[in-house]
Amino acid sequence: MSESNTGIESSMQENRLFSPPAGFAEKAWISSREQYETMYRQSIDEPEVFWGNAANELHWFEKWTTVLDWKVPDARWFVGAKTNMAYNCLDHQIAQGRGNKTAILYEGEPLQSDGQPQLRHITFAQLRDDVGRFANGLKKLGVKKGDRVTIYLPMIPEAAVAMLACARIGASHSVIFGGFSSQAIVDRVADAKSTIIITADGGNRRGQVVPLKANVDEALKSTDLVRKVIILKHTGNAVGWTEGRDVAWSDVIAGQSTDCLAEPMDSEDPLFVLYTSGSTGKPKGIVHTTGGYMVGTYLTSKYVFDLHENDVYWCTADVGWITGHSYVVYGPLANGATTVMYEGAPNHPDFSRFWAMVERHKVSVFYTAPTAIRAFMKAGRELVDKHDLSSLRLLGSVGEPINPEAWMWYREVIGHDKCPIVDTWWQTETGMIMITPLAGVTPTKPGTATLPFFGVDAAIVDRDGTELGPNQGGLLVIRKPWPSMLRGIFNDPDRYVKQYWSDVPGVYFTGDGARRDGDGYFWIMGRVDDVINVSGHRLGTAEIESALVSHDSVAEAAVVGMPHEMKGQGIAAFVVLKTGKLPSEELKKALMGVVTKSIGALARPDQIRFTETLPKTRSGKIMRRLLKEVASGNEIKGDTTTLEDFSVLAKLKEKDEG
Ligand code: 7RM
């Protein structure tokens, strides 16, 4: 963050307000505004009491002596306590009578000859046995408490088994998203100094086999750190084999007992490291520890998704990113919930796949990303309407600002106007959901993540840390520690301080720009690094994009700044049209008009470029940095290992050059 002036201007108006559906609160964990307010007040005034009570809902081998030990920027939660995340997700659930309940409901992508996908229902008891056997196998291969184990697997139950097995024996996992290339593996293995990789022969995606093992082989040509590669036979494709280094998953578990001691971990022992690619340079290994992360993901899963015994909960994220860690695996299992894992693409064989799955498994709580919602909108509601979605009772969104247009569609077409939507704001670094409605009590507005979760002291400030007033755009910071906060960047304490604790004195800076409206609701305005400075007016990306997408012809939009002689920066808009809509000069004018009308002439794009798709990370975030380079005619540089589709970039470049 370089600008001295950190204000961001806002002109967006959104007056629609939706009360929680009648009757929802009665059966919800948080069932009245009064209960919410009492709990929130306690969580802020007496955080140690609040979080101590939450922690007492879980299993500890030894209790803490102090709930919180805090000295900026280092927090220690549940000091002196001993626990084990895998024990809480498995044994503790079985002890509460959930042994025969489905823990993981897996659906594979390929449709078999009968037209049906492969399904697996894995109970808590089976999962405990699978984890125990694999954990014992890891130990036999020499994996010890404190080691880093790399996991490079598809969205299959074995990914959860591998994570939980590491957690059980106290090794930190480093999960690498299965869509990443071999270069991403090299970088992450080297940084984590990981000597073991767990992978599969391949994974299924969009009718193709992703050659995971071949990618690992390629990566390991550039590093000799890795001494063992464990390979799960999954897709059945042929793979190369390096004697002495490669070992089959089936051989790792052969003859192993299902009983494996759950290592009593110190609350502050690391649980995992997860790499996120910063906007520039080398990926950061975000470190999360055991006790605080467990309590944070447990409690947010319980209250935000309002998880109850009979829910079928589906978070569509891949385990390769934080949402998969916190809300596919750990949070739901620590609540004894049934969590759905789908290995495949949302559009295989077509865009009705998710809705077929909701119908098939009677999914009740569904959590996905705005990028997916916009893709479904683009594909058309007919694909949704042919399925029975009556099992749904709560919808969630995460990953990006959800534009009001997509929010309304989600509510009407997917939720049939009866499901509350929780727009959840959080980060890899925060570990848990931080700003979110609570479905039974928070009136929602399309486009805002509403209010902070319990214990979260979020604020909008300027660079000096002074809190700004209603509707003044500024920096989103968190002023008090929370249990699942990152404990650092792996091997890089200085970068931790510089990245999160230096821009605003004494508080955690999220990197996001935001404003609070008159009701105190938080509106995320985009990354501060992406703010566009037009003639001294600082504009966030979210509002302009949202205005563009409100036009009938537009499916998606991304705006970035570009050099402008007069204004300092001008605005370039990259626009994806809905199926069947055609680009034209007239449409460009209309789009400029929409922005002028909803925000003002200042925000009117100088350039509109129609494009087939936008460059995105696999988790769905638009890579504005790349678009910025395209818009200003520069060569693309920096880390592109997290790009979903390199051809998208090539196409944008071609258009640019052509
Ligand atoms: C969970 C996750 C974090 C960044 C964050 C924001 C953006 C995430 C929302 C959102 C607006 C939301 N972790 N972001 N959720 N923006 N509304 N509900 O996405 O580390 O990959 O990204 O994502 O910019 O800082 S992440």
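Just above sits the structure.
This section reports on the structure supplied with the text. (Residues numbered from 1 in each chain as written. Predicted model: local features only at pLDDT ≥ 70, side-chain atom pairs only at ≥ 80, totals over all residues. Heavy atoms only, no water.)

A separate point is the pairing of strand E30 (residues 607–610). Relative to E30, strand E29 (residues 568–577) runs parallel, the two sharing 4 bridges. Across the sheet, residue alanine 572 finds its bridge partner in E30, namely glutamine 607. (Pairing = 2+ DSSP bridges. Helix = DSSP H or I, 4+ residues; strand = E, 2+ residues; numbered from the N terminus.)

To find leftover empty space, one rolls a probe the size of a water molecule over the atoms. Counted by the stated rule, this structure contains 4 cavities of 30 Å³ or more. Taken as a whole, the largest cavity encloses approximately 50 Å³ of empty space. Glu9, Met525, Leu539, Gly540, Thr541, Ala542, Glu543, Ile544, Ile599 and Ala603 are the residues that line the largest cavity. Of the residues belonging to the lining of the largest cavity, the class tally is 6 nonpolar, 2 polar and 2 charged. (1 Å grid on protein atoms, 1.4 Å probe; cavity = no way out; pocket = protein on both sides within 12 Å on 5 of 7 lines; lining within 4 Å. Points joined across faces, edges and corners; volume = space filled by probe spheres on them. Nonpolar A, V, L, I, M, F, W, Y, C, P; charged D, E, K, R; others polar.)

Turning our eyes to something else, we now look at unusual backbone geometry. A cis amide bond, omega -5 degrees, links valine 72 with the succeeding residue proline 73. You can see proline 73 is positioned in the loop between strand E1 (66–71) and strand E2 (74–79). With omega at -5 degrees, the peptide bond leading from histidine 348 into proline 349 counts as cis. For proline 349, the location among the structural elements is in the loop between strand E17 (338–343) and helix H13 (353–361). Of note in this structure, arginine 206 is not a glycine but carries a positive phi near 55 degrees. Looking at where arginine 206 falls in the secondary structure, it is placed in the loop between strand E9 (203–205) and strand E10 (208–210). The phi torsion at histidine 416 lies on the positive side, around 45 degrees, for a residue other than glycine.

A few words now on helix H2 (residues 33–45). Taking 1.5 Å per residue, 13 residues should reach 18 Å; H2 reaches 18 Å between its end C-alpha atoms and fits that length. Within the span of H2, buried status applies to Tyr36, Met39, Ser43 and Ile44. One side of H2 carries all its buried residues, which in axial view fall inside an arc of 130 degrees. Among the exposed residues of H2, those oriented more than 90 degrees off its buried face are Glu34 and Asp45. Those residues of H2 that are buried lie in contact with helix H3 (47–55) and helix H11 (291–304). (Expected span 1.5 Å × (residues − 1). Buried < 20%, exposed > 50% of the residue type's maximum accessible area, 1.4 Å probe, protein only. Arc of directions from axis to C-beta. Contact = heavy atoms within 4.5 Å.)

Functional significance is not addressed by these values, which are geometric in nature.
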